[in-house]
Amino acid sequence: MDLLELMKKELLRRNYSHKTILTYVYCVKRFLYACKKEPRKITKKDIQLYLENLCNDKKAASTLNVHLQSIKFALEQILNKRFFVKLPYSKVPERLPEVLTKEELLSLFSTIKNKKHLLMIQLSYSAGLRVSELVNLKVRDLEFQNNQGWVRKGKGNKDRPFILAQSLKPSLQKHICQESLQPASWLFPGRKSHLHVKTIYNIVKQAAKKSQLQKNVHPHTLRHTFATHLIENGYSVTSVQGLLAHASVETTMVYVHMATPNLLNVKSPFDEFHAEIN
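Within each chain, residues carry numbers counting from 1 in the order of the written sequence. Only residues with pLDDT of at least 70 get local features here, since the model is predicted, and only at 80 or more are side-chain atom pairs given and counted; chain-wide, interface and lining totals rely on the full set of residues. Hydrogen atoms and water are omitted, and side-chain values are computed over all heavy atoms in the structure.

(A) Region of interest: the overall build of the protein chain. Helix and strand labels come from DSSP, where a helix needs a run of H or I of at least four residues and a strand needs a run of E of at least two; each type is numbered from the N terminus. Looking only at helices and strands, the protein chain features 12 helices and three strands. With 278 residues in all, the protein chain has 45% of them scored as buried. Note on contacts: a residue pair is in contact if any heavy atoms of the two residues lie within 4.5 Å. Restricting to contacts in the protein chain with at least 6 residues of sequence separation, those with at least 24 account for 64%. Per element, the accessible surface of the protein chain, about 15900 Å² overall, is 52% carbon and sulfur. Only protein chains enter the calculation, and the probe is 1.4 Å; a residue is then buried if its accessible area is under 20% of its type maximum, exposed if over 50%, and partly exposed in between. Every accessible area reported is derived by Shrake-Rupley at a probe size of 1.4 Å, with residue values counting cover from the shown protein chains alone.

(B) Focus on the packing of aromatic side chains. Stacked, edge-to-face and tilted labels apply to pairs of Phe, Tyr and Trp rings (six-membered ring for Trp) whose centres lie within 6.5 Å, assigned for plane angles under 30 degrees, over 60, and everything in between, in that order. Tallied over the full model, the rule gives five aromatic pairs. Through a chain of ring-to-ring contacts, the aromatic side chains of Phe109, Tyr125 and Phe270 assemble into a single cluster. Throughout this description, the term charge over a ring refers to an Arg CZ or Lys NZ atom that lies within 6 Å of the ring centre and within 35 degrees of the ring normal. Over the aromatic face of tyrosine 33 sits the side chain of lysine 36, whose NZ or CZ is 4.4 Å from the ring centroid.

(C) Summary view of helix H4 (residues 61-78). Each helix should span, by expectation, one fewer than its residue count multiplied by 1.5 Å. For H4, which comprises 18 residues, the first-to-last C-alpha distance of 25 Å matches the rise-based estimate of 26 Å (1.5 Å per residue) to within 8%. Restricting attention to buried positions, one finds in H4 the residues Leu64, Asn65, His67, Leu68, Ser70, Ile71, Phe73, Ala74, Leu75, Glu76 and Ile78. On its buried face, H4 is in contact with helix H1 (3-13), helix H2 (18-35) and helix H3 (44-56). Directly beyond the C-terminal end of H4, a positive phi value near 60° is found at asparagine 80.

(D) Geometry of the packing of H1 against H4. Orientation is described by axes fitted as lines to C-alpha atoms, over the contacting stretch for helices, and by angles from 0 to 180 degrees between their N-to-C directions. Relative to each other, H1 and H4 sit at 90°, their axes nearing to 10 Å. The angle between H1 and H4 places the two elements in the roughly perpendicular class. Contact with H1, carried on its side by Leu3, Leu6, Met7, Glu10 and Leu11, involves Ser70, Phe73, Ala74 and Ile78 of H4 and no other residues of that element. The nonpolar class holds Ala, Val, Leu, Ile, Met, Phe, Trp, Tyr, Cys and Pro. Asp, Glu, Lys and Arg form the charged class, and all remaining residues, Gly among them, are polar. Taken together, the residues of the contact of H1 with H4 sort by class into seven nonpolar, one polar and one charged. Angle categories: roughly parallel below 35 degrees, roughly antiparallel above 145, roughly perpendicular from 65 to 115, and oblique for all the rest.

(E) Representation of the sheet that holds strand S2 (residues 148-151) within the structure. Reading across the sheet, the three strands line up as S1-S2-S3 and stay open at both edges, with antiparallel pairing between neighbours. In this open sheet, the two edge strands, each paired with only one partner strand, are strand S1 (142-143) and strand S3 (160-163). By this definition, two strands are paired if DSSP reports at least two bridges between them.

(F) Seen up close, the environment of arginine 82. Along the polypeptide, arginine 82 turns up in the loop between H4 and helix H5 (102-110). Residue arginine 82 is classed as exposed on the basis of its relative accessible area, which comes to 58%. Sequence-wise, arginine 82 and threonine 43 are 39 residues apart; in three dimensions their C-alpha atoms are separated by 9.8 Å. In the analysis that follows, any N or O atom pair within 3.5 Å is treated as a polar contact, provided that within protein one partner can donate a hydrogen and the other can accept it, and provided that, for residues neighboring in sequence, both atoms belong to side chains. Looking at arginine 82, its side chain comes within polar contact range of the main-chain oxygen of glutamate 76, at 3.0 Å.

(G) Quick look at H1. Turning to H1, its buried residues are Leu3, Leu4, Met7, Glu10 and Leu11. For H1, the angular spread of the buried residues around the axis is 125°, confining them to a single face. Projecting away from the buried face of H1 at angles above 90 degrees are the exposed residues Leu12 and Arg13. On the buried face of H1, the contacting elements are H2 and H4. By construction, the arc corresponds to the directions joining the helix axis to the C-beta atoms.

Here's what the structure looks like:
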């Protein structure tokens, strides 16, 4: 069995997401094609040269990191080869993510007339959720009495808590009651399962267009905005790092198992101006 097949099997065994598996296999396939060596004969110099070529092609630092992590996984976890390789400096500056001001966010909310759609988008922002995390929420994942919810098997196959905005609790409870949802039900059910992520993308895109926002707004923009607003409200970087489940400030690739207990006392920025929404 070749390296790529062995790699696929090991990634599946470790419950890596389908998207991550495709990305890792693609990166290693490109590396092997460029290297033109039998995998066990690959050297540290081969890896460094490949990364330098990517850098010369003006690939972003994040792209270089994904290629390096993919190659390291294949060689270390499958072939038991150990390398320490430094990433070359990428000449392409990383673009800062788009972030909405509070006024822009209020404008975005105001254009969403469907109450269920509005609730989904407000929850996404108020907790800093990824779109995949939002659509995979179940009723039992919300702990209203503790003002928190749980992302189950999120990125990195980790469970993590998120803060539940006080001002959203009545709307969420009303939604659950009106839809006659059971604890095991999807919080936002679709026709056969949960809603598709494309539905959330379309809601946000249409709302941004109606609001005439001069920014590239998508669901992940809400997560960036959540983090930025927390910083603006005086919370520490380490608090925000924990709420986003980042293992370090520098990266969003690795996630901790759960936030430290004191992070659950952080108030959602949604509560800072919810009165203006109603």
